[in-house]
Amino acid sequence: MNLRNIAIIAHVDHGKTTLVDCLLKQSGVFRENEATTERMMDSNDLERERGITILAKATSVVWNDTRINIVDTPGHADFGGEVERILNMVDGAIVLVDAAEGPMPQTKFVVSKALKVGLRPIVCVNKIDKAESRPDEVINEVFDLFANLDATDEQLDFPIIYGSAKNGWMSTDATRKTEDMTELFETVLRHVPAPSVAGGSFRMLGTTISSDPFLGRILTGRVASGVVKPNQTVKVLSRTGELVEQGRVSKVLAFRGLIRSPIDEGRAGDIVSIAGLTKATVADTVCAPDVAEAMEAQPIDPPTLAMTFRVNDSPLAGTEGKKVTSRVIWDRLQKEAEGNVALRISRAAEGDSFEVAGRGELQLAVLIETMRREGFELGVSRPKVVMKTDEETGQRLEPIEEVVIDVDDEHSGIVVQKLSERRADLLEMRPSGVGRTRLVFHAPTRGLIGYQGELLSDTRGTAVMNRLFHAYAPHKGVIQGRHTGVLISNGQGESVAFAMWNLEDRGPMMIEPGSKVYEGMIIGEHTRGNDLEVNVLKGKKLTNVRASGSDEAVRLTPPIRMTLEKALAYIQDDELVEVTPENIRLRKVYLDPNDRKRFSRMTADA
């Protein structure tokens, strides 16, 4: 059977997973009466809840006697490592672009990576049925993007498809609506070359890793040469060519629709999964015993943001989660780093703490949320940027991001003002649809930590922010942090509604009445700039004397709800987020007030 390997790449929410749904349905993978769900490739619980793709996943369809292997990729810049590594597996890419929004920051990122490895993309203008669609302008913008990224003449001569993945049709003409996806399938068969196959023994570069309760570790990749069969003896080489392990392939699996099916042999050019190895990981070469050299793996962009994960040492530690020791946390982080090449983990200078570096707040928040659901308890520090030093000048360099914000015209002034305070430079300001403005900034990553919530407040929820790593640049100076202080509990117990009612003038609360609190735990936000220790355990003094009106029911203002991302963005350097399977709490690093004063004096002297 003929083969084609393609990836679907695009900015977040431009319709990649919805397009894969249509290709699966129209290629006959499902029976006519079979129940299907929306965004079938988003199989992970967190992906379904958030409505985003986090992990790259493969599937395959058959069209006119040709098997097409399709890889669905994430759209968020934080998960860009997933896109970078799967581009080695494919021979072509469909670049999806929203007919109204046009090319966005992540479009630029994924297209640059695809062009760099020599792919010739197919451009697909999706959501053509939108009222504000502008297909001709979008195509011109895409062409300019390709030209700016130094595309070759062959890459600039890209085929264009228009359509609506949600409504299940694609056409080569923007003015002509068709009935199905036939024209997209035909364009893929015509434009994407068949896999190039090298001669020699079996070789495969590991691209993604997963685990199965029955088969153990499963490594997925594209067979570069030769054939792999069950029970075949293979060896694993690291990037540097060192022997990692020797073993036997217990099963060879291939994607058939949404499921992995066992096959008799995996041929060169096909994307397959192999089970039976215990140490092989991403970027390792699985090969026949006679192969001496490892295959070259695509380098991955370095992480720009780091957090410290530490053992939960609060008075409530161990009461809600089962996995609390440093050894268990370290093993889990190592397992994550094996499959996620964009993460970097190391032991921190302090005992029982580990530094985890990644691409952004979202990527690290997804890891923390996953661990929380698995029963882990941990304390997490405020995100810090990963600095570099210029080898020639000795200057400190910090990561700068390209930020694109679409906002209503009336709110553009406050956005420019707030980002200027955060040391951002405005590059471009232009109309973006009716009553909307598109603002493009270069901003230090430090200044963007915690800005998402502030942006939504300032613009009444109308702004959409997209960001992408741009480059390292000289340190831009001090950036003002949070303007308000916090309310800190001065005792351990359960909070009392009467005490919280009396403290309402001091600022909004972050806990409900009856919540467990302890000394040093943050229970609210102070209206002024300093921290304040308060007593939320104090009950009402009861007497036999009753006065008219003094026993009114206590009416409390609803507390601030702290999600994980909101909490990570809110805390300062001397604070932690305590994450347990049941709660997300904020606390000071030093719970004892005397220790806090000593630490603040030391930092002031330094």
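None of the values given here were measured: they were computed from a predicted structure.

Q: Any details on the overall build of the chain? Residues and values, ideally.
A: The number of helices and strands found in the chain is 15 helices and 34 strands. Taken over the C-alpha atoms alone, the chain extends approximately 90 × 65 × 60 Å along its principal axes. For the chain, buried positions account for 52% of its 606 residues. Of the contacts made within the chain by residues no fewer than 6 positions apart, 72% connect residues no fewer than 24 positions apart. When the accessible surface of the chain is split by element, carbon and sulfur atoms take 47% of a total near 28300 Å².

Q: Describe the environment of Asn312, naming the residues involved and giving the relevant values.
A: Here Asn312 lies in the loop between strand E18 (305-311) and helix H8 (326-339). When the C-alpha atoms of Asn312 and Ser326 are compared, they prove to be 9.2 Å apart, with 14 residues separating the residues in sequence. If we skip the residues at most four places from it in the chain, Asn312 touches Ala317, Glu377, Leu378, Gly379, Glu578, Thr580 and Arg587. A polar contact of 2.9 Å, which involves the side chain of Asn312, links it to the side chain of Glu377.

Q: Provide a residue-level description of the packing of aromatic side chains, including the pertinent values.
A: Inspection of the entire model under this criterion finds 7 aromatic pairs. Note on Tyr590 and Phe599: the rings are 5.1 Å apart at their centroids and 40° apart in plane angle, and the pair reads as tilted. We classify Phe599 as partly exposed; its relative accessible area is 29%. Through a chain of ring-to-ring contacts, the aromatic side chains of Phe143, Phe146 and Phe158 assemble into a single cluster. Geometry around Trp330 places Arg347 over its ring, the cationic atom sitting 4.3 Å from the centre.

Q: Mind laying out the sheet that holds strand E12 (residues 243-248), listing which residues take part and the relevant values?
A: Backbone hydrogen bonds hold the strands of a sheet together, and the pairing may be parallel or antiparallel. Ordered in space as E12-E11-E17-E8-E9-E16-E13-E14, the 8 strands form an open sheet in which the pairing is antiparallel. The open sheet terminates on both sides in strands that have one partner only, identified here as E12 and strand E14 (259-262). Sheet twist, expressed as the mean angle between neighbouring strand axes with direction ignored, is 35°. Strand direction decides the pairing type here: strand E8 (residues 203-212) and strand E9 (residues 216-225), joined by 9 bridges, are antiparallel. When the bridges of E9 are listed, Leu205 appears paired with Arg222.

Q: Explain the environment of Gly200 to me, and be specific about the residues and the numbers.
A: Relative to the helices and strands, Gly200 resides in the loop between helix H7 (182-191) and E8. Its relative accessible area of 59% is what places Gly200 among the exposed residues. Those residues within four positions of Gly200 in sequence are excluded, and the remaining contacts are Ser225 and Gly226.

Q: Explain the pattern of salt bridges residue by residue, including any values.
A: Summed over the entire model, instances satisfying the criterion amount to 36 salt bridges. Notably, a salt bridge pairs Arg585 with Glu320, separated by 2.7 Å at the nearest N-O pair. Note that Arg585 is positioned in strand E34 (residues 584-588) and Glu320 in the loop between E18 and H8, a separation of 265 residues in sequence. Across the pair, Glu320 and Arg585 agree in class, each one buried. The partner of Asp408 in a salt bridge is Arg436, and the shortest N-O contact between them spans 2.8 Å. One end of the pair, Asp408, is in strand E24 (residues 396-408); the other, Arg436, is in strand E26 (residues 436-444), with 28 residues separating them in the sequence. Arg436 shares its class with Asp408; the two are buried. Through salt bridges with shared partners, one network takes in Lys418, Arg422, Glu454 and Asp458.

Q: Describe the pairing of strand E33 (residues 575-579), with residues and values.
A: Consecutive residues of a regular strand have side chains that alternate between opposite faces of the sheet. With 5 of 5 residues buried, E33 is to be regarded as a mostly interior element. Neither face of E33 is left uncovered, since the one carrying Glu575, Val577 and Val579 and the one carrying Leu576 and Glu578 both have all their residues buried. Strand direction decides the pairing type here: strand E21 (residues 378-380) and E33, joined by 3 bridges, are antiparallel. Each residue of the ladder has a partner; that of Gly379, found in E33, is Glu578. Hairpin connection between E33 and E34: a loop of 4 residues separates the two successive antiparallel strands.

Q: I'd like a description of the side chain of Ser238, backed by residues and values.
A: Assignment of secondary structure puts Ser238 in the loop between strand E11 (233-237) and E12. Polar side-chain contacts of Ser238 include one of 3.1 Å to the side chain of Thr240. Aside from chain neighbours lying at most four places away, what touches Ser238 is Val244, Asp284 and Ala294.

Q: Go over H8, please, and point to the residues and values.
A: Given a rise of 1.5 Å per residue, 14 residues ought to cover 20 Å, and the 21 Å separating the end C-alpha atoms of H8 matches this to within 8%. Within the span of H8, buried status applies to Ile329, Trp330, Arg332, Leu333 and Gly339.

Q: Account for the packing of H8 against helix H9 (residues 361-373), naming residues and giving values.
A: Following both chains from N to C, one finds H8 and H9 inclined at 130°, their axes separated by 12 Å at the closest point. Relative to H9, the element H8 lies oblique. With respect to the hand of their crossing, H8 and H9 are arranged in right-handed fashion. Contacts between H8 and H9 pair Ile329, Arg332, Leu333 and Glu336 from the former with Leu367, Thr370 and Met371 from the latter.

Q: If you had to explain the sheet that holds strand E6 (residues 160-164) to someone new, which residues and values would you point to?
A: Strand order in this open sheet of 7 strands is E2-E3-E1-E4-E5-E6-E7, and the pairing throughout is mixed. Where the open sheet ends on each side, the last strands, each with one partner, are strand E2 (57-63) and strand E7 (169-171). Neighbour-to-neighbour, the strand axes of the sheet open up by a mean angle of 25°, direction not taken into account. Alignment of E6 against E7, held across 3 bridges, turns out to be antiparallel.

Q: I'd love a proper account of the packing of helix H10 (residues 412-421) against helix H12 (residues 451-458), names of residues and values included.
A: At a minimum axis distance of 10 Å, the contact between H10 and H12 shows a crossing angle of 155°. Compared by their axis directions, H10 and H12 come out roughly antiparallel. Here the hand of the crossing between H10 and H12 comes out right-handed. Residue-level inspection shows Ile414, Val415, Lys418 and Leu419 of H10 in contact with H12, the latter providing Tyr451, Glu454, Leu455 and Asp458. When grouped by side-chain class, the residues that make up the contact of H10 with H12 number 5 nonpolar, no polar and 3 charged.

Q: Tell me what's going on with the pairing of strand E1 (residues 2-10), and back it up with residues and numbers.
A: Among the 9 residues of E1, 8 are classified as buried, and the element is accordingly described as predominantly covered. Pairing of E1 with strand E3 (residues 66-72) involves 7 bridges; the strand directions are parallel. The residue of E3 that forms the bridge with Ile6 is Ile70. Taken together, the 5 bridges between E1 and strand E4 (residues 92-98) define a ladder with parallel strand orientation. Bridging across to E4, Ile9 finds its partner in Val95.

How each quantity is defined
Residues numbered from 1 in each chain as written. Predicted model: local features only at pLDDT ≥ 70, side-chain atom pairs only at ≥ 80, totals over all residues. Heavy atoms only, no water. Helix = DSSP H or I, 4+ residues; strand = E, 2+ residues; numbered from the N terminus. Buried < 20%, exposed > 50% of the residue type's maximum accessible area, 1.4 Å probe, protein only. Contact = heavy atoms within 4.5 Å. Areas by Shrake-Rupley, 256 points an atom, 1.4 Å probe, with all protein chains shown as cover. Polar contact = N/O pair within 3.5 Å; in protein donor to acceptor, adjacent residues only side chain to side chain. Phe/Tyr/Trp six-rings, centres within 6.5 Å; stacked < 30°, edge-to-face > 60°. Lys NZ or Arg CZ within 6 Å of the ring centre and 35° of its normal. Pairing = 2+ DSSP bridges. Axes fitted to C-alpha atoms, helices over the stretch in contact; angles between N-to-C directions. Salt bridge = Lys/Arg side-chain N within 4 Å of Asp/Glu carboxyl O. Expected span 1.5 Å × (residues − 1). Parallel < 35°, antiparallel > 145°, perpendicular 65-115°, else oblique. Left-handed = near helix turned anticlockwise from the far one by under 90°. Nonpolar A, V, L, I, M, F, W, Y, C, P; charged D, E, K, R; others polar.

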